[in-house]
Amino acid sequence: MYIQGKAKEQNTFDAIVVGSGVSGGWAAKELTEKGLKVLMLERGYNVEHITGYKDAMKESWDFPHRGRVDKKAAEEYWAVKRTGYAANEENRGFFVKDTEHPYKEKRRFDWIRGYNTGGRSKMWGRQSYRWNKRDFTANLEEGVGTDWPIRYEDLAPWYDYVERFAGISGYKEGFDVLPDGMFQPGMEMNCVEKHFKQGMEANFPGRHVTIGRVAHLTQPTAEQTALGRSACQFRNKCIRGCPYGAYFSTQSATLPAAMKTENLTLLTDKIVYQVIYDDELGKATGVKAIDQNTKEETEYFAKIIFLNASAINSAWVMMQSTSSRHPNGLGNASDQLGRNIMDHHLDSGASGWVEGFSDQYYYGNRPNGIYIPRFTNWGTDKRDFLRGFGYQGGASRSKGVEVEQTFGAEFKESLSEPGIWRIGIGGFGETLPDPSNRMTLTDEKDQWGLPVIEFDAWWGDNEQKMRVAMRDEAVAMLEAAGFKDVRGHKNEDKSPGIGIHEMGTARMGTEEGNSVLNKNNQVWGAENVFVTDGAAMVSSSCVNPSLTYMALTARAAAFAVDEMKKGNL
């Protein structure tokens, strides 16, 4: 619907933020706090903080199928089910039904989505790590992909900034490979994790074990409690939403901060599918959206636009945003839009059990585990592949002790006893950028008449070699630390996307000929459009990326407002 006059005036803001997930929430917070009138457009339904978390306080027996995936759900959540946990009855509340939001696979790609307020910021793993200095130089040093246009030092103060607000718990360790941050007190390892740390580090000098650095409050600040947040309760039901606001999400942190300014307008159920570009002005003027319920089309206008719809959907919007200046999609003179899809490959590692410690237990359900920072191709370590991987895992006591009978009173009683201690660690490996790993628009349309995406991506030889090392090194470390019956695994039934860390579809770069975005996350040729979600990433590191999205967004928002004040946007 083309609008003008008073209607256009009502739909005009200083800034538009597309998407309400981790990076979208940060964009809204930063822009509103700097005085801009901001419109946030979310394609899914609204989820209110606390009252919207309908499954948060339930136990497994409260669900009709005791949490399992029934046949109907298995069909509706056919991609979500591939995770092995997200489609479970107790977890799937905020994930999309794949049958309602179809996509195609030339090669298999696990696209796991959450279309509602807060997006995947409600279901994320909360693991929060800074990238190290070499993460920003490895592409240049090794001749892979293209060079990052920024370095660690450009982002370091913004890591400080977002960590203080979000609340990251962890230990300061002084590792070059895993820079320290502004931490709240770290969670405690249990006795067997401490045993593993001691045994592994004694046998492998230069390798380390620390507690996971997570976006959970352990010592809330006055700023955080003022937003209604409180300390983690160790319930480990985070994926259903946290009524205590203990972990960082849009609803618990950035959205209330933005609302507090009275400068934010949030509209849900609006599927933004195109950026409006004015060839005469040489810049974007707004976006087009379709209401997912009424299918009414509306245009919204602003001086600056932040695309934070996730790596895949931001690129999807840009591909549909063609004009004389951008005939192949917004900022796509390099033909890199939709290419270089990266994700972390995982499910390769080892597990085992340990004797002793039968008189020890732990408190609650800690929503965290141990972390082993990357050690391959670091220092004197050299491999037949590039880059490396970190491990995430943990130790716990199994349920029940072994008895002769598997039925009857004795068996029932045995199940109430804590069993032996077990441990498992799994690698998270870096994926190299590869332009042949891509997404494209097909002629097939969804229920809103919008093009369906097709994925064509897979792991290369480098990732395959790394996966073997992820398994073998895990076995070696557990055995050296004294664990029994150690078994390695390397799951062949996994594919790109399964890490739910999609990156790289509109990468930053040093010039328009090798990238889609410049060093300030501005789209080449449409400098009032910023992309600060996973699409912007130039490489993938091996650590979880959300903290870097937050830092990039805060940095870009400060730059955008400064440029606006100078009259440059």
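(A) Geometry of the overall build of the chain. In terms of helices and strands, the chain carries 12 helices and 19 strands. At 24 Å, the chain has a C-alpha radius of gyration in line with the 25 Å of a compact globule built from 569 residues. Oriented by its inertia axes, the alpha-carbon framework of the chain measures out at about 80 × 55 × 50 Å. Per-residue burial for the chain yields a buried fraction of 60% across its 569 residues. Within the chain, contacts between residues separated by at least 24 positions form 71% of all contacts whose residues are at least 6 apart in sequence. Accessible surface, the chain as shown: approximately 22,400 Å² in total, 47% of it carbon and sulfur. Of the side-chain charges in the chain, 69 are positive and 76 negative, and the distance between the mean point of each set is 1 Å.

(B) Here's a closer look at the sheet that holds strand E16 (residues 451-456). The strand order across the open sheet formed by three strands is E3-E16-E15, and the pairing between neighbours is mixed. Taken across any chain shown, the strands that pair with only one partner, and hence form the sheet edges, are strand E3 (104-105) and strand E15 (438-445). With two bridges connecting them, E3 and E16 associate as parallel partners. By the bridge assignment, glutamate 105 is partnered in E16 with phenylalanine 455.

(C) Focus on empty space enclosed by the protein. Here the structure, examined in full by the defined rule, presents five cavities of 30 Å³ or more. Taken as a whole, the largest cavity encloses approximately 140 Å³ of empty space. Lining the largest cavity are 15 residues; nearest its centre among them are Arg43, Pro102, Trp316, Asp446 and Pro451. Breaking the lining of the largest cavity down by element, the ones donating at least two residues are helix H9 (311-319) and E16. Looking at the lining of the largest cavity element by element, the count peaks at three residues for E16. For the lining of the largest cavity, the residue count by class is 10 nonpolar, two polar and three charged. What lines the second largest cavity is a set of 14 residues, and nearest its centre among them are Arg235, Asn236, Lys237, Cys238 and Cys242.

(D) Region of interest: the pattern of salt bridges. Tallied over the full model, the rule gives 39 salt bridges. Between aspartate 55 and lysine 54 there is a salt bridge, with its nearest N and O atoms 3.5 Å apart. On the basis of relative accessibility, which here comes to 62%, the residue lysine 54 falls in the exposed class. Lysine 58 is the salt-bridge partner of aspartate 55, the closest N and O atoms lying 3.0 Å from each other. By relative accessible area, which is 29% here, lysine 58 ends up partly exposed. Taken together, the shared-partner salt bridges connect Arg82, Glu105, Arg108, Asp110 and Asp493 into one network.

(E) Main features of the packing of aromatic side chains. Counted according to the given criterion, the structure contains 26 aromatic pairs. Centroid distance tryptophan 26 to phenylalanine 165: 5.3 Å. Interplanar angle 70 degrees. Geometry classified as edge-to-face. Separated by 139 residues along the polypeptide, tryptophan 26 in helix H2 (residues 22-33) and phenylalanine 165 in helix H5 (residues 152-166) bring together distant segments of the chain. Phenylalanine 165 shares its class with tryptophan 26; the two are buried. Measuring from centroid to centroid gives 4.3 Å for tyrosine 361 and tyrosine 362, while their planes differ by 15 degrees, and the two rings are stacked.

(F) Region of the structure containing unusual backbone geometry. The backbone of asparagine 236 shows a phi angle near 60 degrees, a positive value even though the residue is not glycine. Relative to the elements of secondary structure, asparagine 236 occurs in the loop between helix H7 (222-226) and helix H8 (250-260). The phi torsion at serine 310 lies on the positive side, around 100 degrees, for a residue other than glycine. With relative accessibility at 17%, the residue serine 310 sits in the buried group.

(G) Structural view of the nonpolar core. In terms of nonpolar packing, the biggest core is built from 126 residues, with Phe196 and Phe248 touching the most fellow members. Ignoring sequence-local partners within four residues, the contact set of phenylalanine 196 consists of Glu201, Val209, Ile370, Ile372, Ile423, Ile425, Met477, Leu478, Ala481 and Phe483. With 20 residues, the next largest nonpolar core counts Leu36, Val38, Ala258 and Phe530 among its residues.

(H) Broad picture of the environment of tryptophan 378. Structurally, tryptophan 378 can be placed in the loop between strand E12 (370-372) and strand E13 (389-399). Of the residues examined, tryptophan 378 reaches a relative accessible area of 21% and is grouped as partly exposed. Separated by 369 residues in sequence, tryptophan 378 and glutamate 9 place their C-alpha atoms 56 Å apart. In contact with tryptophan 378, other than residues within four places in its own chain, are Asn132, Arg134, Asp176 and Val177.

(I) Fine view of H2. Taking 1.5 Å as the rise per residue, H2 with 12 residues should run 16 Å; its terminal C-alpha atoms sit 17 Å apart, in good agreement. Burial within H2 is extensive, with 11 of its 12 residues counted as buried. For H2, every residue scored as buried is listed here: Val22, Ser23, Gly24, Gly25, Trp26, Ala27, Ala28, Lys29, Glu30, Leu31 and Thr32. At the C-terminal side of H2, glycine 35 shows a positive phi close to 100 degrees.

(J) Structural detail: the packing of H2 against helix H12 (residues 546-565). Their axes nearest at 9 Å, the elements H2 and H12 cross at an angle of 30 degrees. The angle between H2 and H12 falls in the class roughly parallel. Relative to H12, the crossing made by H2 is right-handed. Here Val22, Ser23, Trp26, Ala27, Glu30 and Leu31 of H2 lie close against H12, whose contacting residues are Ser546, Tyr549, Met550, Thr553, Ala554, Ala557 and Val561. Split into classes, the residues belonging to the contact of H2 with H12 amount to nine nonpolar, three polar and one charged.

(K) Representation of the sheet that holds E12 within the structure. Read across the sheet, six strands follow the order E6-E12-E13-E14-E11-E17 without closing on themselves; strand pairing throughout is antiparallel. Of all the strands in the sheet, just strand E6 (210-211) and strand E17 (484-490) have a single pairing partner and so form its edges. Of the strand pairs in this sheet, E12 and E13 are connected by three bridges, and their pairing is antiparallel. For isoleucine 372, the partnering residue across the bridge sits in E13 and is tyrosine 391. In the packing of helix H11 (residues 461-480) onto the sheet, the strands contacted are strand E11 (348-354), E12, E13, strand E14 (418-429) and E17, and the crossing angle to E11 comes to about 15 degrees.

Conventions we followed
- Residues numbered from 1 in each chain as written.
- Predicted model: local features only at pLDDT ≥ 70, side-chain atom pairs only at ≥ 80, totals over all residues.
- Heavy atoms only, no water.
- Helix = DSSP H or I, 4+ residues; strand = E, 2+ residues; numbered from the N terminus.
- Rg over C-alpha atoms; globule rule 2.2 N^0.38 Å.
- Buried < 20%, exposed > 50% of the residue type's maximum accessible area, 1.4 Å probe, protein only.
- Contact = heavy atoms within 4.5 Å.
- Areas by Shrake-Rupley, 256 points an atom, 1.4 Å probe, with all protein chains shown as cover.
- Lys, Arg positive; Asp, Glu negative; His and termini not counted.
- Charge placed at Lys NZ, Arg CZ, Asp CG, Glu CD.
- Pairing = 2+ DSSP bridges.
- 1 Å grid on protein atoms, 1.4 Å probe; cavity = no way out; pocket = protein on both sides within 12 Å on 5 of 7 lines; lining within 4 Å.
- Points joined across faces, edges and corners; volume = space filled by probe spheres on them.
- Nonpolar A, V, L, I, M, F, W, Y, C, P; charged D, E, K, R; others polar.
- Salt bridge = Lys/Arg side-chain N within 4 Å of Asp/Glu carboxyl O.
- Phe/Tyr/Trp six-rings, centres within 6.5 Å; stacked < 30°, edge-to-face > 60°.
- Core = buried A, V, L, I, M, F, W, Y, C linked by side-chain atoms within 4.5 Å.
- Expected span 1.5 Å × (residues − 1).
- Axes fitted to C-alpha atoms, helices over the stretch in contact; angles between N-to-C directions.
- Parallel < 35°, antiparallel > 145°, perpendicular 65-115°, else oblique.
- Left-handed = near helix turned anticlockwise from the far one by under 90°.

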